[in-house]
Amino acid sequence: MFNHFTKLCVRTSLIVAMMATAAWAEETALPKKDIAGASDSPALKRYEGSLILSHLHQKFTDFTFPLSPLVDTGEKIERTYMEVFKPKQKQTVEGELTRLIYLTPEGRSTLEVTRNYQDEIAAKGGKILYSCKGEECGGSADLSARVPTGGNEDTSLMMYFIDESKLQAKFDDALGCSALPYKIDDQRFFAASFPQGGADAYATVHTYRIAKSFTDGCARYTDRTIALVNVVEPEKREQKMITVNAREMATALDTSGRVALYGIFFDTDRTDIKPESDAALSEIANMMKSNQDLNVLVVGHTDDVGNFDYNVDLSKRRAASVTRVLADRYGIAIGRLRSFGAGMSAPAASNATEENRSKNRRVELVKMR
């Protein structure tokens, strides 16, 4: 009886071990197809045979790219003590952004992939605005500074485009291995413009080869070339600024205790209030001046793109910016205002589409006693 039980336990353990091994092998295998829901930018096709590991699309946003090497700013990242490197020359454009991370076919060099993208842009009548390779690009040339513990390293060119705090990836999954590599041994970068529909489109292509990593889960990417491609197509911003007047705000606060405002604008990942927000801010001030007993809580909301803690902090700082402007510029007593950041915790709609995400990026006023 004991022997039979022992054999049964051994067989069970072997089966469990085999299942765990199979699951690990599947998890750490190289991708065989694009991630679900991903597609190329219609403005710039992929290098033949490449697979999409990451995809981000924004209907209208701003995008900044370097036009010179990254240099030491003298600043440090508080959490990791990394030296911050940024370009002295850069360009900011607005439009429809598509960001893609590709795994290129085995045996392709960074130069081969880069030249193909440059040829494609030249065929469209485009021009190279800036290019660099290796250490010429400035900052960390091997990205070893991406190790989470940091330690007086230099930030890298990839870190200029990708903020790991907002990237939902693990260090050993497909996205983590490609976008957060511990080390690379080659890199090339260029920024370009090309005509599209009577206006200029822009693209940046950053190619790099994954060096051997001490993270076993990323070893499968060793010596593979990754292409990080950003494409900004000219897109006229939809005029959807909704300004609720002072009387409507007061009525909403009296009846439901809150009012959602979509006329206060910020640049992506910034807390500075844009000038086109003046109409909405003026109406808030008019309402507060007409209702001297009214106190409000200013609540910032975001969509679900990016890290939860980051979005909560961003929404909190944006709400604080609104209260400061109301106090400093419009003369509203600061004691009548409080700010709060809800991040993505109270969506007005599902985050499944860009249209719905735009409904979630808002500022709300909540009536306080």
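A.B. asks: Describe helix 6 (residues 278-290), listing the residues and the values that go with them.
C.D. replies: Spanning 13 residues, helix 6 covers 18 Å between terminal C-alpha atoms, matching the ideal 18 Å at 1.5 Å per step. Every buried residue belonging to helix 6 is among Ala280, Leu281, Ile284, Ala285, Met287 and Met288, and all of these are buried. Within helix 6, the buried residues cover an arc of 160° as seen down the axis, which keeps them to one side. The elements touched by buried residues of helix 6 are helix 5 (246-256), strand 9 (258-261), strand 10 (295-301), helix 7 (308-328), strand 11 (337-343) and strand 12 (362-368).

A.B. asks: Requested: an account of the nonpolar core, with residues and values cited.
C.D. replies: Membership of the largest hydrophobic core comes to 31 residues, with the highest contact counts inside it found for Ile101, Phe161, Phe189 and Tyr208. When residues of this core are traced back to their parent elements, those giving at least two are strand 1 (51-66), strand 4 (90-103), strand 5 (127-133), helix 3 (157-161), helix 4 (174-179), strand 6 (184-196), strand 7 (199-210) and strand 8 (225-233). Here this core gets 4 residues from one element, more than from any other, and that element is strand 4. If we ignore the near neighbours within four places in the chain, the residues touching Tyr208 are Ile101, Thr110, Met158, Ser178, Ala179, Ile184, Asp186, Gln187, Arg224, Thr225, Ile226 and Leu228. One finds Ala280, Val296, Ile332 and Leu337 within the second-largest nonpolar core, a separate group that totals 28 residues.

A.B. asks: Can you explain the packing of helix 5 against helix 6? Please cite residues and give values.
C.D. replies: Where helix 5 contacts helix 6, the two axes come as close as 8 Å, and the packing angle between them is 60°. As summarised for this structure, helix 5 and helix 6 are arranged oblique, according to the angle between their axes. Helix-helix and strand crossings are classified by hand; for helix 5 and helix 6 the assignment is right-handed. Contacts between helix 5 and helix 6 involve Ala246, Met249, Ala250 and Leu253 from the first element and Ala280, Glu283, Ile284, Asn286 and Met287 from the second.

A.B. asks: Outline the sheet that holds strand 12, listing residues and values.
C.D. replies: Strand order in the open sheet formed by 4 strands is 9-12-10-11, and the pairing between neighbours is mixed. The open sheet has two edge strands, strand 9 and strand 11, and neither has a second partner. Averaged over all pairs of adjacent strands, the angle between strand axes in this sheet comes to 25°, irrespective of strand direction. Summarising the sheet, strand 9 and strand 12 pair through 4 bridges and their orientation is antiparallel. Pairing of Val259 across the sheet is with Leu365, part of strand 12. Relative to the sheet, helix 5 contacts strand 9, strand 10 and strand 12, its axis offset from that of strand 9 by approximately 135°. Contacts from helix 7 reach strand 10 and strand 11, with the element oriented near 155° to strand 11.

A.B. asks: Describe the sheet that holds strand 6, listing the residues and the values that go with them.
C.D. replies: Reading across from one edge, 1-4-8-7-6-5 is the order of the 6 strands in this open sheet, with antiparallel pairing throughout. This sheet does not close on itself; its edge strands, each paired only once, are strand 1 and strand 5. Within the sheet, the average angular offset between the axes of one strand and its neighbour, ignoring direction, is 15°. Both strand 4 and strand 8 contribute to a ladder of 8 bridges, which runs antiparallel. Directly across from Leu100, in strand 8, lies its bridge partner Val229. Here helix 2 (residues 110-123) sits on the sheet in contact with strand 4, strand 5, strand 6, strand 7 and strand 8, set at roughly 5° to strand 6.

A.B. asks: Can you break down the state of the cysteines residue by residue, with the values?
C.D. replies: Under the counting rule described, the total for this entry stands at 2 disulfides. Here Cys132 is linked by a disulfide to Cys137, with a sulfur-sulfur distance of 2.1 Å. The sign of the 105° torsion about the S-S bond sets the Cys132-Cys137 disulfide as right-handed. The residues Cys132 and Cys137 share a single accessibility class, namely buried. At a sulfur-sulfur separation of 2.1 Å, the disulfide partner of Cys177 is Cys218. In this structure, the disulfide formed by Cys177 and Cys218 twists by about -90° around the S-S bond and is classed as left-handed. On the criterion of sequence distance, the pair formed by Cys177 in helix 4 and Cys218 in the loop between strand 7 and strand 8 is long-range, its members being 41 residues apart. Looking at Cys177, the relative accessible area reads 1%, which means it is buried. Regarding the disulfides, the protein carries the connectivity 1-2, 3-4 under sequence-order numbering of its bonded cysteines.

A.B. asks: Break down the pattern of salt bridges for me, citing the residues and quoting the values.
C.D. replies: Two side chains with opposite charge may pair up if their charged atoms get near one another. With the rule as written, the count across this model stands at 17 salt bridges. Between Arg108 and Glu112 there is a salt bridge, with its nearest N and O atoms 4.0 Å apart. Under the relative-accessibility criterion, Arg108 is labelled partly exposed at 30%. Assessed through its relative accessible area of 33%, Glu112 is described here as partly exposed. A salt bridge links Arg329 to Asp278; its shortest N-O distance comes to 3.1 Å. Pair noted here: Arg329 is in the loop between helix 7 and strand 11 and Asp278 is in helix 6, with a separation of 51 residues, a long-range link. For Asp278, a relative accessible area of 34% gives the class partly exposed. In the salt-bridge network here, residues are joined through shared partners; they are Asp34, Asp40 and Arg46.

What counts and how
- Residues numbered from 1 in each chain as written.
- Predicted model: local features only at pLDDT ≥ 70, side-chain atom pairs only at ≥ 80, totals over all residues.
- Heavy atoms only, no water.
- Helix = DSSP H or I, 4+ residues; strand = E, 2+ residues; numbered from the N terminus.
- Expected span 1.5 Å × (residues − 1).
- Buried < 20%, exposed > 50% of the residue type's maximum accessible area, 1.4 Å probe, protein only.
- Arc of directions from axis to C-beta.
- Contact = heavy atoms within 4.5 Å.
- Core = buried A, V, L, I, M, F, W, Y, C linked by side-chain atoms within 4.5 Å.
- Axes fitted to C-alpha atoms, helices over the stretch in contact; angles between N-to-C directions.
- Parallel < 35°, antiparallel > 145°, perpendicular 65-115°, else oblique.
- Left-handed = near helix turned anticlockwise from the far one by under 90°.
- Pairing = 2+ DSSP bridges.
- Disulfide = S-S within 2.5 Å.
- Salt bridge = Lys/Arg side-chain N within 4 Å of Asp/Glu carboxyl O.

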